[in-house]
Amino acid sequence: MDITKKNFLEQLPSIRETIRNATFFAIDCEFTGLASDRTIFPFDTPEEVYLKMVENSPQYIIIQFGLCAFRVEPPEAVKKDEEKEDTEPRVSYKCYNFYCYPKGRTAVFSCQGESMRFLADNGFDFNRLFREGLSYANENDEQRYRADLKERQQSRTATILAAAEDESNDEQSKGELAADVNAIPVPFEHQQQVDDTAASIEEFLQSDRPELIVGNCNAFQRKLIYQLIEQRFQRKVSTSTVSLENNQKAIKVERKRTYEEEQALDDQRRVRENEDLETSVGMSLVLQELSKARKLIIGHNMLLDLFYVLRQFFKPLPTDYQEFKKLTKEYFPLLLDTKYLCTNAEIKVNVNSSVLAHVYDAVSKEPFTIPTVHPELPDHQYSVDDEKKHEAGYDAYLTGLCFLGLVSRFKVNLLQLHKDTTLRHYMNRIFITRLNDVNYIYLNGKEPAQTREHIFYVTFPDSWRTSDIQSKFKPFGANHVSWLDSTSAFVSLHNRLASSSVLKTIGYHVGFKVYSFAQFTQMKLQRPGIKRGRIGSGSPVAGAPAGVRHTQPVDQSGGQEEKEQKEGHKIDSPSGTTGKRKGTTDEEPPPLVVNETDNGDNGNDDDGGVGGSWRTVKKARKTFADNNDW
């Protein structure tokens, strides 16, 4: 069922009841853009990935949220041969497809062109989004909305009560006296309008009309009319401000109401205001209810979904990794990512691809079984025979089916999912794309530490291919190349014992440089403006691995050197020394030295000012007598 602002308030009680009665949920989101993973290295830690996402993620938002609530009912006992045998549990579901769009002039968000086009190609209804999308509010905004409304309602109640007390004490003359003393003189050019309004009110009081609308006034004119009414008609009429069709304000004049009538009207107004408030908070009310349920939530490759949900509907994301874990567990204590579940050894035998549609195809066959699921209401159902890919509600439904199929491999008890010993190893582990070793965030504790002595960072000419890189490492056994861009990559050795001899014995080639992973990490930390324990937030330039800038040796071909300088690459000496690296041969050029304080007067005009004052030299600067030696 599509949920928009047109049917939200009507469906909200049912949505809340569905969440309270569900056994587990599956979710999916559609975004205005995807946080780039080009800044993520294959051997980053989960903490580094999170910090990069926080620092480099534009204000993309969720514009469609899919929620599929699954309910598992205990199997019914049946008699057979005078014995009771359990039947399969009955699984039912209800799906919701929420459109989300921010309300107000101050709401600003980012869009990624390719993502928006992708959604359009898949039939996304942008007209419905813009016209009928649900508003939302994070915790701070919601608190402010509620405090402002409470203050207005209390002020109005006090005004009504004070008016009733004044009337009962017959203090009209005193009020008129005060009004006369503080009255604003009516300018000559407005006197006729004030007189005409007074006549209109007199005529209204003699008629049987329920109200009189006084319009075509600016703010000052309305003030004069309110003053007129207070002086001459205070005991006879009540006033309120209304908005006309052209959004201009006007004064509504009605016959004076009793205290009981005023109170009844105020009660009606409170109901409308409270409904408007719920509409303003909108989608956030659903996520709050989902958080209160404290039940298992399933997602597929759900890191971005989780990232955006917390930021958009709850509170800004912390810059501390451990605080992020704590925050996530506070709102959603039980999470399971089917993308990470697919890394299970038993499952990988039969699931060759972890793409959602491919997972469904795999679990639809032996040795998996998907139990029959029943829609609780026709308006809340989907069917795999009528695919609606990249509609959040359908993808949430498909995620739930994939989960049911995957866990059938372990014969789990659907009524006790969170207690299953096999699933326990996959709970609260959120899959991270592109990482080679620890490829998940573990919300319950620390991720396992990994040694990186067998991993090397290499730079090379852009004409090289994988075979060229592997041939340089062939003496050290089998290896795997993870490309970063056209001139840099990671190389990991299968034989870790051979790692210690790589830097000492690897052959030299023009434009080819090898660094240990520890040196590579040090280069990231030495970037200007880096914060301790943080990855730099600067956006990478074209062709450069995020967090690292480097230059090629000066004996490299001129064209490649010019390309690297234009791209802003830079490598500091990993060891911080200016001499030859320990264990290097005489033929191997020493580590590069970058003088970040040079003002460009060294006679090198080829760098074009790239990187401000970066300068590439073949040896330490102290080996040059003067600039002419360069």
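Residues numbered from 1 in each chain as written. Predicted model: local features only at pLDDT ≥ 70, side-chain atom pairs only at ≥ 80, totals over all residues. Heavy atoms only, no water.

A.B. asks: Please clarify how helix α8 (residues 219–232) should be interpreted in this entry.
C.D. replies: Turn by turn, an α-helix covers 3.6 residues, leaving residues three or four places apart pointing in a common direction. Taking 1.5 Å per residue, 14 residues should reach 20 Å; α8 reaches 20 Å between its end C-alpha atoms and fits that length. Among all positions of α8, only Gln221, Arg222, Leu224, Ile225, Gln227, Leu228 and Ile229 are buried. Looking at the buried residues of α8, the elements they touch are α7 (188–206), β7 (212–214), β8 (237–243) and β9 (249–255). With a side-chain oxygen positioned 3.1 Å from the backbone nitrogen of Phe220, the residue opening α8 is Asn218. (Helix = DSSP H or I, 4+ residues; strand = E, 2+ residues; numbered from the N terminus. Expected span 1.5 Å × (residues − 1). Buried < 20%, exposed > 50% of the residue type's maximum accessible area, 1.4 Å probe, protein only. Contact = heavy atoms within 4.5 Å. Polar contact = N/O pair within 3.5 Å; in protein donor to acceptor, adjacent residues only side chain to side chain.)

A.B. asks: Is there a simple way to explain the nonpolar core in this structure?
C.D. replies: One recurring pattern in soluble globular proteins: nonpolar side chains tend to sit buried together. By size, the foremost hydrophobic cluster in this structure holds 67 residues, and its most contacted members are Phe65, Phe98, Met283 and Phe332. With 8 residues, helix α11 (residues 303–313) is the single largest residue contributor to this core. Core analysis: the second largest hydrophobic core is formed by 45 residues, Cys68, Tyr397, Phe410 and Val438 among them. (Core = buried A, V, L, I, M, F, W, Y, C linked by side-chain atoms within 4.5 Å.)

A.B. asks: Just checking my understanding: could you explain the side chain of Ser92 for this structure?
C.D. replies: On the secondary structure map, Ser92 appears in strand β6 (residues 90–99). Residues contacting Ser92, with those up to four places away along its chain left out, are Ala69, Phe70, Arg71, Glu73, His374 and Glu376.

A.B. asks: I'm lost on the packing of aromatic side chains in this one. Help?
C.D. replies: Centre distance and the angle of the planes are the two values used to describe a pair of aromatic rings. What the rule picks out here adds up to 39 aromatic pairs. Geometrically, the ring pair formed by Phe41 and Phe490 is edge-to-face, given 5.9 Å between the ring centres and 70° between the ring planes. Of this pair, Phe41 sits in the loop between β2 (24–31) and α2 (46–56) while Phe490 sits in strand β17 (residues 488–493), placing them 449 residues apart in sequence. Neither residue differs from the other here; Phe41 and Phe490 are each classed as buried. Following the ring pairs from residue to residue traces out a cluster consisting of Phe24, Phe70, Tyr93, Tyr382, Tyr394, Tyr397 and Phe403. Taking NZ or CZ as reference, Lys52 lies 4.1 Å from the ring centre of Phe41, over its face. (Phe/Tyr/Trp six-rings, centres within 6.5 Å; stacked < 30°, edge-to-face > 60°. Lys NZ or Arg CZ within 6 Å of the ring centre and 35° of its normal.)

A.B. asks: Sorry if this is basic, but what is going on with unusual backbone geometry here?
C.D. replies: Glycine aside, negative phi is the norm for most residues, and most peptide bonds take the trans geometry. Following Glu366, the chain continues into Pro367 via a peptide bond in cis, with omega recorded as 5°. Considering the arrangement of structural elements, one finds Pro367 in the loop between α15 (356–363) and β12 (373–375). The phi torsion at His390 lies on the positive side, around 70°, for a residue other than glycine. Relative to the helices and strands, His390 is located in the loop between β12 and α16 (392–407). Phi is positive for Arg434, which is not a glycine, with a value near 85°.

A.B. asks: I'm lost on the sheet that holds β7 in this one. Help?
C.D. replies: Sheets are built from strands that pair by backbone hydrogen bonding, the pairs being arranged parallel or antiparallel. Ordered by their spatial adjacency, 3 strands build an open sheet running β7-β9-β8, and the pairing between neighbours is antiparallel. Of all strands in the sheet, those bounded by a partner on one side alone are β7 and β8. Taking each pair of neighbouring strands and ignoring which way they run, the sheet shows an average axis angle of 30°. With 3 bridges joining them, β7 and β9 adopt antiparallel strand pairing. Each bridged residue has a counterpart across the sheet, and for Val214 the counterpart in β9 is Ile251. (Pairing = 2+ DSSP bridges. Axes fitted to C-alpha atoms, helices over the stretch in contact; angles between N-to-C directions.)

A.B. asks: Help me understand the pairing of strand β15 (residues 455–459), please; the structure alone is not making it clear to me.
C.D. replies: Working note: regular strand, side chains alternate between the two faces of the sheet. Extensive coverage of β15 is indicated by the burial of 5 of its 5 residues. Judged from the 5 bridges that link them, β15 and β17 form a sheet pairing that is antiparallel. What sits directly across from Phe456, in β17, is Val491. In this sheet, strand β18 (residues 513–516) lies alongside β15 in antiparallel orientation, the contact comprising 4 bridges. Bridge pairing in β18 places Phe456 opposite Ser516.

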